[in-house]
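Report on the structure
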Amino acid sequence: MASLLTKVIGMMLAFVIDPESAVSSSPCAQVRVPANTVHLGSSISATCILSDGCPLAQGRDVRVEWRLNGRHLPAGRPANQSARSYDVVVPSFTDARGDLICCVRTGTECQEVAGVTVQAGYLPSPPRNLSCVTNLTRPCTLTCEWTPGPDSLLPTAYTLHTEIRHLRTERKTYTLPEGVHTYTIPRVDFALFVETRISVAATNALGQTSSEALLLDPMENAQFDPPEVLQVWAEPQRPGCLKMQWKLSDHQAWVVNVAVNISLRATDNQHWTSAMKRMQNPFVPETVEQCGLLHGTEYRAQARVSYPPGPWSAWSKPLEGTTPDRAPTGRLTTWLKVLGEPSGMRSALLFWKPSDQFRANGRNVSYHVLLKWPPDRRHDVLCDTVHGHCAFSLPPGATRVCITASNSAGESVPMWVPAYRHTALDPVSGLSISPTGDNSLLVSWVAPNSTALVGFTVEWSPLSESGLISLSFGVAAKSESSFLITDEIEPYQPYKISVYSRYDEGIGAPRTVEAYTLEKAPSEAPQLQATVIRHTSVELTWDDIPLEHRNGIVSYTIYYWNEEDQAEAVRIKPTNRRLILKDLKPLSMYKVLIQASTDGGSRNGTVLTFKTEETDFWDIMMSAFLIGILLLLPISVASVVCFKKRKRLKMRLWPVVPDPANSSIRDWKDTGMLQKDSHRKQDIHEASPVNLSWFNLMDIPEKEDSEAEESCQPGSQKGGDTGHCPEVHPSPGGDPSPRDSVPYVTVVFTSPYRSQAQGPPQGYLRSESTQPLLGDEPSSPTPSQEGGAESGSFPECGGELCAHKGGCVSWGDFPMLGALEIHNADPLY
């Protein structure tokens with residue numbers, strides 16, 4: 001038993017120290033597979049054969065298990081129990097590399113006794129894009145390269161095969177290191193001007209593939225050195241043409257029938273003009289002429305060569321040349337801005353730039369702006385410049401100017417620019433700017449509704465620069481409603497953009513906005529300053545962020561908080577640079593912070609700390625004074641109004657009630673007295689047949705007992721007491737009623753007082769006046785009462801009067817009425 005344990009431990013140590021050796025050369029078992037390399041995804045079978053001397057298989061039933069890269073595989077049936085051979089089948093081998101291990105189960109453990117490593121992959125793909133180039137530079141070589149196919153997951157070797165078909169066929173094979181896909185064939189292994197067959201083979205454990213064969217003449221695939229351009233010049237009698245002289249390099253000067261490609265490009269343009277020609281004599285420098293070029297333009301010339309149909313060489317070093325000048329042609333795009341009244345001198349700004357049809361035809365071009373008058377007057381030169389703008393003054397009556405371009409060869413045809421009198425016509429609406437990239441802005445607008453519209457002008461300039469040189473413009477047709485700005489636009493820079501509408505007779509008012517193509521957080525934040533601190537408020541001010549540090553359209557937010565960390569935020573308009581914080585607590589510490597923000601980010605300033613002041617005595621006094629003024633002002637105004645309107649107010653509140661005792665009716669006499677006043681008598685005789693006299697009588701208090709009221713009515717009977725009226729006693733001092741104010745009534749006589757008995761019963765009307773009676777008026781004499789009784793105006797009731805609609809009253813209730821003295825008199829009619 002001890003010897004068996006020693007053998008098992010020795011076998012396990014050998015497997016741990018050298019797994020591959022232990023698995024492949026274990027004295028206990030051996031694993032066999034058909035092939036160690038298989039196609040990925042194919043099935044594979046393996047057999048584990050236990051040796052007779054394996055201690056794990058002696059004297060017991062053997063249970064064999066399989067593992068692939070640590071994964072347990074289903075147990076296979078023994079192929080031969082007596083021979084101790086066990087098989088397993090992997091239906092799909094999907095690992096690029098796998099260790100297939102055979103294990104023997106002993107109790108709870110499974111001892112690895114043998115194993116084998118299996119690789120899986122694909123057949124190599126044929127190499128692609130095989131190409132070869134001959135280098136004629138000494139030493140002369142032929143270099144071939146290709147592109148390998150997809151990875152086969154297996155080690156792949158490449159071999160290059162050449163076959164020179166000359167007088168006799170020569171074959172060469174070149175083996176390349178792993179991972180190398182190019183090879184240079186020495187000059188001794190190929191021949192110029194001889195057809196050669198070249199191919200590449202790829203080989204791995206699963207097989208070999210080859211590329212398509214390439215048939216070539218090494219000379220036709222020769223790569224030349226860049227040629228040398230000797231000179232570039234122009235002939236005055238051939239405008240628009242340039243000549244160039246060149247030659248091959250010294251190492252390749254022996255090659256004949258070489259093609260040359262001449263390319264020329266204006267220095268201010270990216271477009272190349274090319275020409276092809278074949279060189280016949282390699283020993284004489286070749287001259288090539290290129291025509292159809294721009295006049296007076298500097299060109300950069302370069303050349304390259306090839307042996308057709310071989311590849312082109314690299315470009316030679318460029319050399320400059322200039323075509324002869326010619327007078328400028330074409331039109332300029334102009335933009336004229338006129339400021340001022342048409343009746344006086346006006347300032348003008350004229351901008352221009354070349355249109356697509358304009359040709360300067362020279363290197364030194366200048367521009368002249370003229371004010372042309374009738375033929376009998378000399379033309380005025382407004383400006384002469386080499387720039388694209390100028391400023392000048394327009395005299396009254398000038399309606400247009402002309403501009404010309406000139407160079408050393410002549411002057412262009414004058415172009416007229418109208419100077420419109422109207423400069424504030426209908427503008428565009430709905431102006432908006434949207435960035436389309438870091439270096440472009442799209443301007444959109446809504447055109448005015450006018451048939452006289454001819455187009456639009458878009459004007460832009462960076463806000464960080466000033467002067468006419470920084471202003472750019474573009475024009476758009478009347479049918480367009482947008483314009484894309486791409487010239488000289490930089491991110492994080494502010495631009496002022498204006499759009500003008502152009503009409504037949506003038507220019508519309510501008511519409512202007514500011515815009516950025518790209519925004520980011522401001523580079524710095526403003527510094528807050530507390531300029532005025534009071535007990536409940538503080539005034540904060542700050543300066544603008546420098547324009548170059550804004551990085552966008554800036555808005556501000558003020559944050560402030562007290563000692564209890566109660567925070568508030570106030571958003572401020574971008575144009576404001578001042579803020580007053582109100583409703584603060586006196587004698588309290590506050591902290592305030594300003595934040596500058598753009599669409600691209602925000603930056604916070606430093607925290608400012610301040611303390612509000614205590615409440616001031618003079619502030620309290622001033623507040624009280626202001627409140628008092630506010631309260632006294634309406635009272636004073638009301639008092640003044642009442643004083644000025646006192647009479648009307650008195651009539652409204654206390655109407656004037658006639659006093660019968662002191663009126664003219666008290667002094668009525670006989671007919672002789674009346675005749676003394678002829679005027680009055682005439683008025684009386686001319687009066688209406690219906691005579692009215694008015695007496696104001698006091699109304700007695702209403703009785704609470706309704707039965708008593710009914711008993712005083714004429715003809716009323718109740719309880720056998722006919723015509724009995726309650727007696728009303730006047731109060732002492734002549735006050736007929738215990739009330740402070742007694743309403744008055746009006747007694748109406750519809751016939752002369754002498755004939756009152758024959759008329760219908762009279763009545764009295766209640767007055768709306770509540771003026772109190774005069775307490776010091778003497779009581780009326782008794783004869784008045786008798787006279788009143790004799791009149792028969794009211795039914796008598798025990799010395800009292802009863803109206804036909806009201807109750808009974810006593811003459812004592814009317815002291816002033818009783819004071820009237822009515823003597824014998826003739827009728828008033």
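What you see is a predicted model, and the numbers here were worked out from it, not measured in a lab. (Residues numbered from 1 in each chain as written. Predicted model: local features only at pLDDT ≥ 70, side-chain atom pairs only at ≥ 80, totals over all residues. Heavy atoms only, no water.)

Turning our eyes to something else, we now look at the overall build of the protein. Per the secondary structure count, the protein includes 10 helices and 55 strands. Taking all 829 residues of the protein together, 39% fall into the buried category. Restricting the contact set of the protein to residue pairs at least 6 apart, pairs at least 24 apart contribute 64%. Split by element, the accessible area of the protein, about 47300 Å² in all, is 52% carbon and sulfur. (Helix = DSSP H or I, 4+ residues; strand = E, 2+ residues; numbered from the N terminus. Buried < 20%, exposed > 50% of the residue type's maximum accessible area, 1.4 Å probe, protein only. Contact = heavy atoms within 4.5 Å. Areas by Shrake-Rupley, 256 points an atom, 1.4 Å probe, with all protein chains shown as cover.)

This part takes up the nonpolar core. Grouped together as the largest cluster of nonpolar side chains are 41 residues, with contacts concentrated most on I198, M219, F224, W246 and I262. Looking at this core, the elements that each hand over two or more residues are β10 (128–135), β11 (141–147), β12 (157–165), β15 (196–204), β19 (228–233), β20 (242–247), β21 (258–266) and β24 (298–306). Structurally, this core is a two-domain feature, drawing no fewer than three residues from each of domain 2 (128–216) and domain 3 (224–322). The contact partners of M219, leaving out residues within four places of it in the chain, are T134, L136, L192, F193, F224, W254, V255 and Y307. (Core = buried A, V, L, I, M, F, W, Y, C linked by side-chain atoms within 4.5 Å. Domains from an automatic or database assignment.)

We now examine the pairing of strand β8 (residues 97–106). Note that strand β4 (residues 64–68) and β8 share five bridges and pair antiparallel. When the bridges of β8 are listed, V64 appears paired with V104. Here β8 pairs with strand β9 (residues 109–121) via 10 bridges, running antiparallel. Residue pairing for β9: C103 is matched across the bridge by E112. Taking the residues that link successive antiparallel strands as the turn, the β8-β9 hairpin has two residues, and the phi of G107 there is positive, at about 70°. (Pairing = 2+ DSSP bridges.)

Time to look at the sheet that holds strand β27 (residues 346–354). The pairing of strands in a sheet happens through backbone hydrogen bonds and is either parallel or antiparallel. Within the open sheet, the three strands sit side by side as β26-β27-β30. Their pairing is antiparallel. Sheet topology places β26 (332–339) and β30 (389–394) at the edges, where each strand pairs with a single neighbour. Strand-to-strand, the axes of this sheet are offset by a mean angle of 20°, without reference to chain direction. As judged from the six bridges shared by β27 and β30, these two strands associate in the antiparallel manner. Residue pairing in the sheet places S347 in a bridge with S393 of β30. (Axes fitted to C-alpha atoms, helices over the stretch in contact; angles between N-to-C directions.)

What the rule picks out here adds up to 11 salt bridges. Among the salt bridges present, the one from R238 reaches E289, with a minimum N-O distance of 2.7 Å. With R238 in the loop between β19 and β20 and E289 in strand β23 (residues 286–290), this residue pair connects regions lying 51 residues apart in the sequence. In this structure R238 comes out as partly exposed when scored by relative accessible area, which is 34%. For E289, a relative accessible area of 34% translates into the label partly exposed. Here E459 and K337 are joined by a salt bridge, their closest N and O atoms 3.3 Å apart. Here E459 is found in strand β37 (residues 453–462), whereas its partner K337 is found in strand β26, with 122 residues between them in sequence. By relative accessible area, which is 7% here, E459 ends up buried. One connected set of salt bridges, linked through shared partners, spans R63, E65 and R105. (Salt bridge = Lys/Arg side-chain N within 4 Å of Asp/Glu carboxyl O.)

The subject of this paragraph is unusual backbone geometry. Following P308, the chain continues to P309 via a peptide bond in cis, the omega torsion being 0°. Relative to the helices and strands, P309 resides in the loop between β24 and β25 (319–322). A positive phi is found at N361, a non-glycine position, where the angle reads about 55°. Note on placement: N361 falls in the loop between β27 and β28 (366–371).

Bringing a nonpolar patch on the surface into the picture now. Taken together, M622, F625, L626 and I629 make up a surface patch of nonpolar side chains, about 400 Å² in accessible area. In this fold, L626 is placed in helix α4 (residues 617–644). (Patch = residues over 30% accessible without salt bridge, like charges linked within 9 Å, V, L, I, M, F, W, Y side chains within 5 Å.)

What follows deals with the state of the cysteines. Summed over the entire model, instances satisfying the criterion amount to four disulfides. Each sulfur in the disulfide pair C132 and C144 lies 2.0 Å from the other. Given an S-S torsion of about 110°, the disulfide between C132 and C144 has right-handed geometry. Linking C132 in strand β10 with C144 in strand β11, this pair joins segments that are 12 residues apart in sequence. Take C132 and C144: they sit in the same class, and that class is buried. Note that C383 is cross-linked by a disulfide to C390, the S-S spacing being 2.2 Å. One disulfide, between C383 and C390, carries an S-S torsion of -50° and so falls in the left-handed class. By the burial criterion, C383 is buried, and C390 matches it. (Disulfide = S-S within 2.5 Å.)

Once that is clear, we can look at the confidence of the model for the protein. Residues with a pLDDT of 70 or more make up 72% of the protein, whose mean pLDDT is 76. Long-range and interchain partners of residues 670–745, a stretch whose pLDDT sits below 50, account for 136 contacts in this model, where long-range means more than four residues apart. (pLDDT = per-residue confidence, 0-100.)

Further remarks concern the side chain of S211. Along the chain, the position of S211 falls in the loop between β16 (207–210) and β17 (214–216). Taking the relative accessible area as the measure of exposure, S211 reaches 11% and is therefore buried. Not counting chain neighbours up to four residues away, the residues in contact with S211 comprise P127, L130, S199 and V200.

Taken together, the side chains of E465, D487, E488 and E490 present a region of like negative charge at the surface. The residue D487 is located in the loop between β39 (482–485) and β40 (495–503) in this model. Note on D487: relative accessible area 42%, which makes it partly exposed. (Lys, Arg positive; Asp, Glu negative; His and termini not counted. Charge placed at Lys NZ, Arg CZ, Asp CG, Glu CD.)

Read across the sheet, three strands follow the order β35-β36-β39 without closing on themselves; strand pairing throughout is antiparallel. Of all the strands in the sheet, just β35 (429–437) and β39 have a single pairing partner and so form its edges. The average undirected angle you get between the axes of adjacent strands in this sheet is 20°. In this structure, strand β36 (residues 440–446) lies alongside β39, joined through four bridges in antiparallel fashion.

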